[in-house]
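Working through the structure, step by step
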Amino acid sequence: MSIAQDQEQASKPFKQLDHRYEGIAKVTGKARYAAEFSESFSKTELVYAFLVRATIPSGSVKSIDSATASRAPGVLAVITPFNAPKLSQGPPQPPARRNLTLLQDANISYNGQPIAVVIGQSLNEAKVAAAMLKISYALQPAKLQWEKRLSEARWPKNPGKEPAGNHRGDIDAAFAKAAVTVDNTYITPIQFHNPMETHATIAWWQGDKLTVYDATQYISGVKMSLAKAMNIPVDNVRVIDPLVGGGFGSKGSMWSHVPLCAMAAKVVNRPVKLSLDREQMFGPVGARPSTINHIRLAAAHDGTLLGIQHDTVMNASVLEDFVEHAEGPAKNLYQSGASSVSAKVVEANLGISTFMRAPGEAPGTAVLEIALDELAEKLKMDPIELRLKNYAETDPSHEGRPWSSKHLRECYSKGSEEFGWASRNMTPGQRSDGKWLIGHGMATATYPANRSAAQATVRLLPGGRMYVASGTQDLGTGTYTIMAQQAAAGLGLDPKMVEVKLGDSTLPKAPVSGGSQSSASVLPAIQDATTQLKLKLIDLAVNDAASPMHGLQAADCDVKEGRLISKSQPAKSDGLVELIARNKNQPVEAQGQAEPSEAKDAMSTQSWGAVFAEVAVDPHTHMVKVRRIVGVYDIGVLLNEKTGLNQLMGGMTWGISFATHEDGIVDASTGRIVNASLAEYHVPVNADVGVLDVSVIGIPDLKFNPVGSRGIGEIGITGTAAAIANAIYNATGKRVREYPITPDKLLAG
Amino acid sequence: MKSFAYSRATSNAQALEAARARGTQFLAGGTNLVDLMKYQVEQPVTLVDINHLALTEISQIDGGGISIGAMVRNSDLANHPLVRTNYPLLSQALLSGASPQLRNMASTGGNLMQRTRCYYFNDISFSACNKRAPGSGCAALEGYNRIHAILGQTDKGPTSGETCIATHPSDMCVAMAALQATVEVEGRGGRRTIPFAEFHRLPGNDPSRDTTLREGELITAVTLPSAKFAKNAFYLKARDRNSYAFALISVAAGLEMEGTTIRSAGLAMGGVAHKPWRIPEAEKALAGQLASPENFAHAADILLHGAHGYEHNRFKIELAKQGVVRALTVAAQGTSEVA
Ligand SMILES: Cc1cc2nc3c(=O)[nH]c(=O)nc-3n(C[C@H](O)[C@H](O)[C@H](O)COP(=O)(O)OP(=O)(O)OC[C@H]3O[C@@H](n4cnc5c(N)ncnc54)[C@H](O)[C@@H]3O)c2cc1C
């Protein structure tokens, strides 16, 4: 893999750490994830819970005979809907607070739903006993095969932050006067989150105080939801999670196993660990729903888009509506005369759908950007030219309000140059290399820039060291690293001198690590904290008789490169090390906070990118190899080259997965996920990933936040799938409109 | 997984003696058996570890050919100079399978005995599986049957106790079938030799049995006859990702060439049936013929005669036809260096 970054353009507001903050701990095995805190307990104290799941899609548990299981070696308790402690389950507030299944009734809404918990001295004892439960069910007719019941599609009860339908201009008129149209249906499958670290919780009670180690993207969210579920004051709950082994949205909400673990800990009066199996990742902790997208494009001869229509229908759990806004990009990715979008759901007895990396934009661009490619072909127009023709200079979805910053044009031109787009053959099926058919395709990437309120604490410690803390999370994304950088930048210190604390709900509050918002939320809070810290340090120095700064006006002082200086008398300065030493080595601490500016409603904040793919297709086996992808992104400032480009690269790799691999298969008659393992649920392996050439434009977006960065966690997956699909078409002349593009579809296509 | 007793055998006799007890299974690399135990599909009472048996040699045998010990690991077998040079078809097939880590553990005997990847066999929450629970029916028939059989299956409807559309998932075995290997086994009653074509079986009316190996018998070796296809061999594997995926269909093609004429052929398919699919008539039809697309297509037709697909796997019929023609075409052009 090659990593390219435009050094000139990338503005580096501060010194970057050249390694991942927690990297050494990770590669030496010292890093510990939620399930690995067993050592905190004595060997006999910690016990293990295993989740028992329904094997029918709909109905109820009639009875569970646990007599044999309860007598099995090592078994401490079996919790079922018939003996579970009663919890006060307030009304759930989907989608972030999920409609949980906590054994409060015997209902079954999907195959794989938790219906019992077995607690044993060891995990294996719990598991073996679980198999001894004699469960009888009362079956109800299940709602399955949702794709055959599209006439049942309805508006979602709870569309999330966006309305489910949206119309601008006169779409019918647009089609009436169109010279060229595209009208097709595009399908994306159910996808399951498979971070390396499966969900896991260790819970223990001290009186009515509950502490959990929990694999989560949102410690303060778990704190609130768990307190509510267990009916205890919020401040009685502490959530700890210093490292998250990936989450991808699945760990953005608290799912049933977390309160069930706390319940188990209460029942056996011991610390309990509940760690999900890989198979249990397929159902009880969310999935990206499948979407069926009807897209129509109307264009004039010169390529001007007169209208875009995107109607998406998806599966939703009978428990709760979650809307995957695949229709979103149709509203703001291009300028068009009119637009009309809708999102509807069809209920099914399946697990709850949830956020997955780039919710909305990932499937949205995957389908819309194929349609654009089809339109370009019909117009005999270069796909980039078509996109430039309809470039959205302002946000069409918000009455043309300005973007905080948009450099998508630069992405197209830089990307096409690096890729060698000019030499692409517009006619499909023309290029080969030995047996391989070669194809080139491109697509636009996009993801909104989000930001929420956050708080942070910083301290200057003896010896020129610093401490920074915020109750945020690091999903393997680089939060530790950029927090160290931001804190150090405030005093002009070396980021290597900074100790970082996060992942503990006792720390200052920060938002969910989702929606690519962590850096844009937490770093401004740290920036504010270091500004406060500077003032305190200056105050300390000017009042310190032993300081060369003594008696100076505070306004005349500043902190630069680790020293206090006088702006008017450059000869006068004081070292931070000396200052703290004279302060009897007492650290100086400051708090900071930041929230989105009031100007946020006057502008749209969005990230952009252009993705180019080269594929080779074997005409005999119909297998696809992605040879290389060039991705150029406009994401504001790149905060850290290593962790930042790695985020984008990981997203692009997922784009390969989206295009050619992932496919959650539901058994048509039982609603069971049939390929619930990493052997059968495919994600790319090394042989599937060619050269990934990723770079950023690097122009800071200072209107969005004072650091100038927009999030990068999700945009990488957007656009990539369509770029690959379009490249496959260019290679073979076969237009596959259903993901994943597997050999059988290319054989038929 | 369920608790089990473990014993380690240091001689074949000891292994065979231990295997007398009911519910005993041999543990080789464990890459299939241990997974199935975790899924509670297999629940052995005792595991007899055969990793310490003297079955790790690859040796030349009198009159040509080689003998491969049952505990030779897939990676060692694939990379052995004798195999790379004389049996590139086998080497290619092995290297197309699983991942390096798995091949380092997987044994020759275990690979022969690996069980189907049928989703409905591997998840005990599906009650209908004649292979796992004889007489219970077949959930795959009307389920998600994309990876299932198109040839030689038993299809008497989803509720019949005989229906089974599972496939044998091995790559190695497809090459061995084309090479007409022999399986050497040892039981308490003595040794016997099973021709490869008779080792794996079709589901017939008893899908629970994958092979003709008898209870308690130990595979000791696989022998290959003297090499005929060293210069013209190709293993084609169509799969959903470029590595670490089972075959949708695979084809092992070996040709013995005289100029542009085929003197003899070895041909088998994987991913299409309950056993490696070899029809000797297809090979015979090629013998003495020109290496031409028409003749290859004819062989493909013979191999796929009677193929029958289901809702999700019908594509395999055409994919297999194309695969057979392609594999024979590449084989005829000459073996390329094994990567
Ligand atoms: C994720 C994954 C992907 C894979 N992909 C592929 C692939 O693409 N292609 C492919 O061909 N294979 C693939 N495999 C399967 C792999 O090749 C088999 O698991 C392996 O060959 C089994 O060998 P083993 O030694 O580990 O057998 P074990 O798991 O130890 O045993 C399997 C069975 O064989 C029996 N057995 C073992 N040795 C003997 C003997 N000498 N005599 C009698 N009985 C014996 C055991 O009792 C057991 O029932 C994959 C496996 C996994 C887990």
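Analysis parameters
Residues numbered from 1 in each chain as written. Chains lettered and ligands numbered in written order. Predicted model: local features only at pLDDT ≥ 70, side-chain atom pairs only at ≥ 80, totals over all residues. Heavy atoms only, no water. Core = buried A, V, L, I, M, F, W, Y, C linked by side-chain atoms within 4.5 Å. Buried < 20%, exposed > 50% of the residue type's maximum accessible area, 1.4 Å probe, protein only. Helix = DSSP H or I, 4+ residues; strand = E, 2+ residues; numbered from the N terminus. Contact = heavy atoms within 4.5 Å. Phe/Tyr/Trp six-rings, centres within 6.5 Å; stacked < 30°, edge-to-face > 60°. Lys NZ or Arg CZ within 6 Å of the ring centre and 35° of its normal. Buried area = accessible area lost by both parts, 1.4 Å probe. Salt bridge = Lys/Arg side-chain N within 4 Å of Asp/Glu carboxyl O. Polar contact = N/O pair within 3.5 Å; in protein donor to acceptor, adjacent residues only side chain to side chain. pLDDT = per-residue confidence, 0-100. Domains from an automatic or database assignment. Nonpolar A, V, L, I, M, F, W, Y, C, P; charged D, E, K, R; others polar. Pairing = 2+ DSSP bridges. Near = heavy atom within 4 Å. Areas by Shrake-Rupley, 256 points an atom, 1.4 Å probe, with all protein chains shown as cover.

**Considering the nonpolar core**
All names here are of chain A. In terms of nonpolar packing, the biggest core is built from 82 residues, with Leu297, Leu375, Val615, Ile629, Tyr633, Ile724 and Tyr739 touching the most fellow members. Ranked by residues supplied to this core, first place goes to helix H8 (residues 361–379) with 10 residues. Among residues more than four places away in sequence, those in contact with Val615 are Leu437, Ile438, Gly439, Val624, Lys625, Val626, Arg627, Ile724, Ala727, Ile728 and Ala731. Val47, Ala84, Ala203 and Met263 belong to the second largest nonpolar core, which has 56 residues in total.

**Quick word on the packing of aromatic side chains**
Enumeration over the complete set of coordinates arrives at 17 aromatic pairs over all chains. Considering the side-chain rings of Tyr119(B) and Tyr120(B), the 6.5 Å spacing of their centres and the 75 degrees angle between planes classify their relative orientation as edge-to-face. In this structure, Tyr119(B) and Tyr120(B) share a single accessibility class: buried. Feature note: the residues Phe37(A), Phe41(A), Trp204(A) and Tyr213(A) constitute an aromatic cluster, connected by ring pairs. Over the aromatic face of Tyr391(A) sits the side chain of Arg409(A), whose NZ or CZ is 4.0 Å from the ring centroid. One cation-aromatic arrangement involves Arg735(A) over Tyr729(A); the distance from NZ or CZ to the ring centre is 3.7 Å.

**As for the interface of chain B and chain A**
Tallying the contact residues gives 29 residues for chain B and 35 residues for chain A. Counting the surface lost from both chain B and chain A, the interface buries some 2,900 Å², and carbon and sulfur atoms represent 57% of this. Together, Arg241(B), Asn242(B) and Arg326(B) form the three largest contributors to the area buried by chain B at its contact with chain A, with a combined 23%. Between Arg146(B) and Asp744(A) there is a salt bridge, with its nearest N and O atoms 3.1 Å apart. Counting across the interface, chain B meets chain A through 11 residue pairs in polar contact (both at pLDDT 80 or more). Of all the secondary-structure elements, those providing two or more residues to the side of chain B that touches chain A are helix H8 (119–122), strand S9 (233–238) and helix H13 (315–333) of chain B.

**A short note on the pattern of salt bridges**
Under the counting rule described, the total for this entry stands at 50 salt bridges over all chains. In this structure, the salt-bridge partner of Lys501(A) is Glu499(A), at a minimum N-O distance of 3.5 Å. A salt bridge links Glu680(A) to Arg117(B); the shortest N-O distance between them is 3.3 Å. Of the two residues, Glu680(A) is situated in the loop between helix H14 (641–660) and strand S27 (689–696) and Arg117(B) in the loop between helix H7 (108–113) and H8; the pairing between them involves two chains. The same class applies to Glu680(A) and to Arg117(B), which are both buried. A single salt-bridge network, built from bridges that share partners, covers Lys143(A), Arg154(A), Asp321(A) and Glu347(A).

**Observations concerning the environment of Ala176(A)**
Residue and element names in this part refer to chain A. One can find Ala176 in helix H4 (residues 171–176). The class for Ala176 is exposed, based on a relative accessible area of 68%. It is 8.7 Å that separates the C-alpha atoms of Ala176 and Ala298, two residues lying 122 residues apart in sequence.

**Points about the confidence of the model for chain A**
For chain A, per-residue confidence averages 95 on the pLDDT scale, and residues scoring 70 or more make up 97% of the total. In this model, residues 1–12 of chain A is a region of pLDDT below 50 whose contacts with residues beyond four sequence positions or in other chains number 35 contacts.

**Remarks on the domain arrangement of chain A**
All names here are of chain A. Structurally, chain A comprises domain 1 (3–31 + 452–595) and domain 2 (357–450 + 601–748). For domain 1 versus domain 2, the distance between C-alpha centres works out to 36 Å. Facing the 32 residues of domain 1 at the interface are 31 residues of domain 2. The contact between domain 1 and domain 2 buries some 2,400 Å² in all, and 50% of this surface belongs to carbon and sulfur atoms. The interface formed by domain 1 and domain 2 holds 0 salt bridges in total. Our count for the domain 1 to domain 2 interface comes out at 10 residue pairs in polar contact (both at pLDDT 80 or more). Here the side of domain 1 that touches domain 2 is built from residues that sort into 10 nonpolar, 18 polar and 4 charged.

**Considerations on the side chain of Asn232(B)**
Residues and elements named next belong to chain B. Relative to the helices and strands, Asn232 is located in the loop between strand S8 (218–224) and S9. At 2.7 Å, the side chain of Asn232 and the backbone oxygen of Ala331 are in polar contact. With sequence-adjacent residues up to four places away left out, Asn232 is seen in contact with Ala253, Gly254, Leu255, Met257, Ala331, Ala332, Gln333, Gly334 and Thr335.

**Here's the deal with the sheet that holds strand S4 (residues 107–108) of chain A**
Sheet strands line up and pair through hydrogen bonds in the backbone, either parallel or antiparallel. Residues and elements named next belong to chain A. In space, the 3 strands of this open sheet follow the order S4-S2-S6, with antiparallel pairing throughout. If you trace the sheet from one side to the other, it starts and ends with S4 and strand S6 (134–139), each paired once. Pairing geometry for strand S2 (residues 59–65) and S4, over 2 bridges, is antiparallel. What sits directly across from Ser60, in S4, is Asn107.

**Description of the environment of Ile124(B)**
All names here are of chain B. Looking at where Ile124 falls in the secondary structure, it is placed in the loop between H8 and helix H9 (172–178). On the basis of relative accessibility, which here comes to 40%, the residue Ile124 falls in the partly exposed class. Placed 83 residues apart in sequence, Ile124 and Val41 show a C-alpha to C-alpha distance of 6.4 Å. The contact partners of Ile124, leaving out residues within four places of it in the chain, are Tyr39, Gln40, Val41 and Arg132.

**Overview of the site of the ligand**
Taken together, 34 residues form the shell around the ligand, and within it Phe26(B), Gly30(B), Thr31(B), Ser107(B) and Asp171(B) come nearest. Mapping the residues near the ligand onto chains gives chains A and B. Contacts to the ligand include Gly30(B), whose backbone N or O atom sits 2.6 Å from an oxygen atom. One of the side-chain nitrogen or oxygen atoms of Thr31(B) is found 2.7 Å away from an oxygen atom of the ligand. Isolated, the ligand exposes 970 Å² of accessible area, and the fraction of that covered by the protein chains is 96%. The leading source of residues in the shell around the ligand is H7(B), at 4 residues. Residues of the shell around the ligand, tallied by class, amount to 17 nonpolar, 13 polar and 4 charged.

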